[in-house]
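# Observations on the model geometry
Spelled out from the first residue to the last, the chains are:
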Amino acid sequence: EPEVTQTPSHQVTQMGQEVILRCVPISNHLYFYWYRQILGQKVEFLVSFYNNEISEKSEIFDDQFSVERPDGSNFTLKIRSTKLEDSAMYFCASKRGTGAYEQYFGPGTRLTVT
Amino acid sequence: AQSVTQLDSHVSVSEGTPVLLRCNYSSSYSPSLFWYVQHPNKGLQLLLKYTSAATLVKGINGFEAEFKKSETSFHLTKPSAHMSDAAEYFCVVIPSSNTGKLIFGQGTTLQVKP
């Protein structure tokens, strides 16, 4: 069964460094998402991406964040200058199309900023 | 604005006894509601969904949920808990945006004792 994959599973970085979190969505899916979960808090929506552009973003998704689908298979989340408060589990998800409800999630990348 | 509230952060049951995980929603229209489950080191998996069809929804692994508009509830139940049901459970709502972003509850940790 196809699944969403994410790499790395755990990333440790120093404050101020750039990080790129990678996701490979399910191949025939058209909508892509990033969510994050700070330890002990809710899973929060960050951004949705469709037709090679951002379709919606939350207040969290400021200028430090960007997303890209560089090659038709990968979907990346870049944080330009990490802060301590960016430490969280980041989940990628994908969805087949507009009429579909189910989002398929990857296992997550745990980002630790020191 | 749409939101969901999970009334218990932690539920503990004995194997073979019923499971009840509670969720209340807030929405100005008839919402689409979901339950997702997360096992340790795994991605979020869809258990079941309500999208304005039958109010009693059956999901995977013997779970059910009933949409009760009068009580604004969407509680998750299972008649008999299994050790493998131990996980984190999230009640989720889709707001009206076409992008399909998910809004998560705080999560309920289900512990199953032998």
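Residues numbered from 1 in each chain as written. Chains lettered and ligands numbered in written order. Predicted model: local features only at pLDDT ≥ 70, side-chain atom pairs only at ≥ 80, totals over all residues. Heavy atoms only, no water.

### What about the packing of aromatic side chains?
Residue and element names in this part refer to chain B. With the rule as written, the count across this model stands at 18 aromatic pairs over all chains. When the centroid spacing of 4.1 Å and the interplanar angle of 15 degrees are considered together, the rings of Y50 and F67 count as stacked. With a gap of 17 residues between them, Y50 in strand β6 (residues 44-50) and F67 in strand β8 (residues 64-68) connect regions that are remote in the sequence. Comparing Y50 with F67, the two get one shared label, buried. (Phe/Tyr/Trp six-rings, centres within 6.5 Å; stacked < 30°, edge-to-face > 60°. Helix = DSSP H or I, 4+ residues; strand = E, 2+ residues; numbered from the N terminus. Buried < 20%, exposed > 50% of the residue type's maximum accessible area, 1.4 Å probe, protein only.)

### Considerations on the pairing of β6 of chain B
Counting buried positions along β6 of chain B yields five of seven residues, so the element is predominantly enclosed. Where strand β5 (residues 32-38) of chain B folds back on β6 of chain B, the antiparallel hairpin that results is connected by five residues, among which N41 of chain B adopts a positive phi of roughly 65 degrees. (Pairing = 2+ DSSP bridges.)

### Structural notes on the state of the cysteines
In the structure shown here, the tally under the stated rule is two disulfides over all chains. Across a sulfur-sulfur distance of 1.9 Å, C23 of chain A and C92 of chain A are joined as a disulfide pair. When the S-S torsion is -65 degrees, as for the bridge of C23 of chain A with C92 of chain A, the disulfide is left-handed. One end of the pair, C23 of chain A, is in strand β3 (residues 19-24); the other, C92 of chain A, is in strand β9 (residues 88-95), and 69 residues separate them in sequence. On the basis of relative accessibility, which here comes to 0%, the residue C92 of chain A falls in the buried class. The partner cysteine of C23 of chain B in its disulfide is C91 of chain B, sulfur to sulfur 2.0 Å. Residues C23 of chain B and C91 of chain B are joined through a disulfide that is left-handed, its torsion about the S-S bond being -70 degrees. One end of the pair, C23 of chain B, is in strand β4 (residues 23-26); the other, C91 of chain B, is in strand β10 (residues 87-94), with 68 residues separating them in the sequence. (Disulfide = S-S within 2.5 Å.)

### Looking at the side chain of Q6 of chain A
All names here are of chain A. Along the chain, Q6 falls in strand β1 (residues 5-7). Given the relative accessible area of 7%, Q6 is considered buried. Polar side-chain contacts of Q6 include one of 3.0 Å to the backbone nitrogen of C92. Among the polar contacts made by the side chain of Q6, one reaches the main-chain amide nitrogen of G108 at a distance of 3.0 Å. If sequence neighbours within four positions are ignored, Q6 has contacts with R22, C23, W34, Y90, F91, C92, G106, P107, G108 and T109. (Polar contact = N/O pair within 3.5 Å; in protein donor to acceptor, adjacent residues only side chain to side chain. Contact = heavy atoms within 4.5 Å.)

### A look at the environment of S27 of chain B
As for its placement among the helices and strands, S27 of chain B is situated in the loop between β4 and β5. Expressed as a C-alpha distance, the spacing of S27 of chain B and F74 of chain B, which sit 47 residues apart in the sequence, is 12 Å.

### As for the interface of chain B and chain A
Each side of the interface is counted separately: chain B has 22 residues, and chain A has 18 residues. Between chain B and chain A, roughly 1,700 Å² of surface is buried when both sides are summed, and carbon and sulfur atoms account for 59% of that area. Between chain B and chain A we count one salt bridge in total. Of the charged contacts, one joins K101 of chain B and E56 of chain A as a salt bridge, the two residues approaching to 3.1 Å between their closest N and O atoms. (Buried area = accessible area lost by both parts, 1.4 Å probe. Salt bridge = Lys/Arg side-chain N within 4 Å of Asp/Glu carboxyl O.)

Geometric values such as these leave the question of function open.
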